[in-house]
Amino acid sequence: MVISTLRLQKIIDELLKPLVKKIDEEAFYAEDYLTALGKEGFFQSSGKKLESILLDELTVVQETAKVCMTTAFCVWCHLAALTYVRNSKNIYLQKNILPQLEAGELLGATALSNPMKYYAGLEKLQLSAQQVEGGYIVNGVLPAVSNLGDKHLFGAIAAVGEHEIMFLVSTKQENLQLQPKTHFIGVNGSATYSCRFSNVFIPQQQVISEDARSFCHLIRPTFIFYQVALGLGVMEAVAEGIEKVKAKQNGCNEFLQVQAAQVKSKQELLSAKLQKLVSENCLTLEEIVSIRLTTVYDTLSAVQANMIHHGAQGYVVGSVPSRKLREAYFFANLTPTVRQLEKMKAQ
């Protein structure tokens, strides 16, 4: 890896670990942690090969998820926005917005949950747009967009007649109303809001692509690739957690069917597959969907085993095993959800 894992761990230890309970229980958003990652160069792509960019940023998500998957999800949101801008042919976005996103001066998010389901035939598109002089007027409501705040941008898609456009939206855009959403069983610290567009003007310079369908086809493998790291981080943390309580009740945990070594082995196998896909330039949708789906089931199996290994200790409010359990259920329902992944794999 090009990135310094020691430097990354230092930022995690100082800006994330002390806040995990507050993030989980009080819906605290670890914005300073995300900003620090940018300031320290963990999102920089200049002068790097695509393989290094993908694997380095995968490592950032995975190491974050070991400690707090809610915040790792926010990192993924930022990387999704970076993926959109990096692949856009819009010169303004490339020259003016990308450097700020990579430096952590601006933070990014993605509102593609609904469009991804729309393209899979699961939902209707929530946003519509009308072309006007100098850009588009957008209307509609997005039920939930995560990783939002005062200095944030997010990618969104709206229907324009018979086709769709993709664009970047600032949270400070005029006529855009944000309503905070919490009361989830997990990921409350993900800065999630419902977004209402009431004649929001999107200037042409914020348009990512005039052909959103084709653009989504282009970026979807990378979009899903970064998600896999969420599960890998949780699995790695679970393996360590199971190992710590192996002597519980005079060592009777050794008779349980799922052990730390099995969890770690599955996690390492999935990680090796990802690295192979990237190094051989074979990051296809079919391959990454298969790995993402396997990671979901392996993560769910791991967190349930972790609860059993910890016994009553895991059922205490605020316990790490219970948090990992809730994180894994969120991972299974993150778009593309396990249901959508199964459909995609079958087609």
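Preceding block: the structure.
As a starting point, this report considers the structure included with it.

Considerations on the overall build of the chain
Here is step 1: Each helix and strand counted, the chain has 13 helices and eight strands in total.
Here is step 2: For the chain, the spread of C-alpha atoms along the principal axes amounts to about 75 × 45 × 40 Å.
Here is step 3: Across the chain, contacts joining residues at least 24 apart in sequence account for 75% of those joining residues at least 6 apart.
Here is step 4: In the structure as shown, the chain presents an accessible area of about 15500 Å², 52% of it carried by carbon and sulfur atoms.
Here is step 5: Counting 34 positive and 33 negative side-chain charges, the chain places the averaged centre of each group 3 Å from the other.

Quick notes on the nonpolar core
In summary, soluble globular proteins display a tendency toward joint burial of nonpolar side chains.
Here is step 1: Counting 95 residues, the largest nonpolar core has Y33, L37, V75, Y84, L112, F223 and F225 as the members making the most contacts within it.
Here is step 2: Among the elements that make up this core, the one with the highest residue count is helix α8 (residues 212-244) (17 residues).
Here is step 3: Not counting the four nearest positions on each side in its chain, L37 is found in contact with L8, I11, F42, F43, V60 and V75.
Here is step 4: Listed in part, the 22 residues of the second largest apolar core include V138, L176, C195 and F197.

Concerning the packing of aromatic side chains
Here is step 1: Scanning the entire structure with this criterion turns up six aromatic pairs.
Here is step 2: Ring geometry for F73 against W76: centres 5.8 Å apart, planes inclined by 15°, an arrangement best described as stacked. Here F73 pairs with W76, and both are found in helix α5 (residues 69-87), just three residues apart, close to one helical turn.
Here is step 3: W76 sits in the buried class, given a relative accessible area of 2%.
Here is step 4: With a centroid separation of 5.3 Å and 55° between ring planes, the pair formed by Y118 and Y119 is classed as tilted.

Describing the pattern of salt bridges
Here is step 1: Under the defined criterion, the tally for this structure stands at 16 salt bridges.
Here is step 2: Here K21 ties to E25 by a salt bridge, and the two come within 2.9 Å at their closest N and O atoms. With K21 and E25 both in helix α2 (residues 20-26) and four residues apart, this pair spans about one turn of that helix.
Here is step 3: Looking at K21, the relative accessible area reads 47%, which means it is partly exposed.
Here is step 4: With a relative accessible area of 43%, E25 lands in the partly exposed category.
Here is step 5: Among the charged side chains, a salt-bridge network with shared partners connects E63, K66, E236, E240 and K264.

Some words on the packing of helix α11 (residues 285-310) against helix α13 (residues 338-346)
Here is step 1: At a minimum axis separation of 10 Å, α11 and α13 run at an interaxial angle of 140°. Looking at the two axes, α11 sits oblique to α13. Here α11 runs over α13; the crossing is left-handed. Residues L285, V289, S290, R292, L293, V296 and Y297 of α11 form the contact with α13, whose own contacting residues are V338, L341, E342, M344 and K345.
Here is step 2: For the contact of α11 with α13, the per-class residue count stands at eight nonpolar, one polar and three charged.

Conventions adopted
- Residues numbered from 1 in each chain as written.
- Predicted model: local features only at pLDDT ≥ 70, side-chain atom pairs only at ≥ 80, totals over all residues.
- Heavy atoms only, no water.
- Helix = DSSP H or I, 4+ residues; strand = E, 2+ residues; numbered from the N terminus.
- Contact = heavy atoms within 4.5 Å.
- Areas by Shrake-Rupley, 256 points an atom, 1.4 Å probe, with all protein chains shown as cover.
- Lys, Arg positive; Asp, Glu negative; His and termini not counted.
- Charge placed at Lys NZ, Arg CZ, Asp CG, Glu CD.
- Core = buried A, V, L, I, M, F, W, Y, C linked by side-chain atoms within 4.5 Å.
- Buried < 20%, exposed > 50% of the residue type's maximum accessible area, 1.4 Å probe, protein only.
- Phe/Tyr/Trp six-rings, centres within 6.5 Å; stacked < 30°, edge-to-face > 60°.
- Salt bridge = Lys/Arg side-chain N within 4 Å of Asp/Glu carboxyl O.
- Axes fitted to C-alpha atoms, helices over the stretch in contact; angles between N-to-C directions.
- Parallel < 35°, antiparallel > 145°, perpendicular 65-115°, else oblique.
- Left-handed = near helix turned anticlockwise from the far one by under 90°.
- Nonpolar A, V, L, I, M, F, W, Y, C, P; charged D, E, K, R; others polar.

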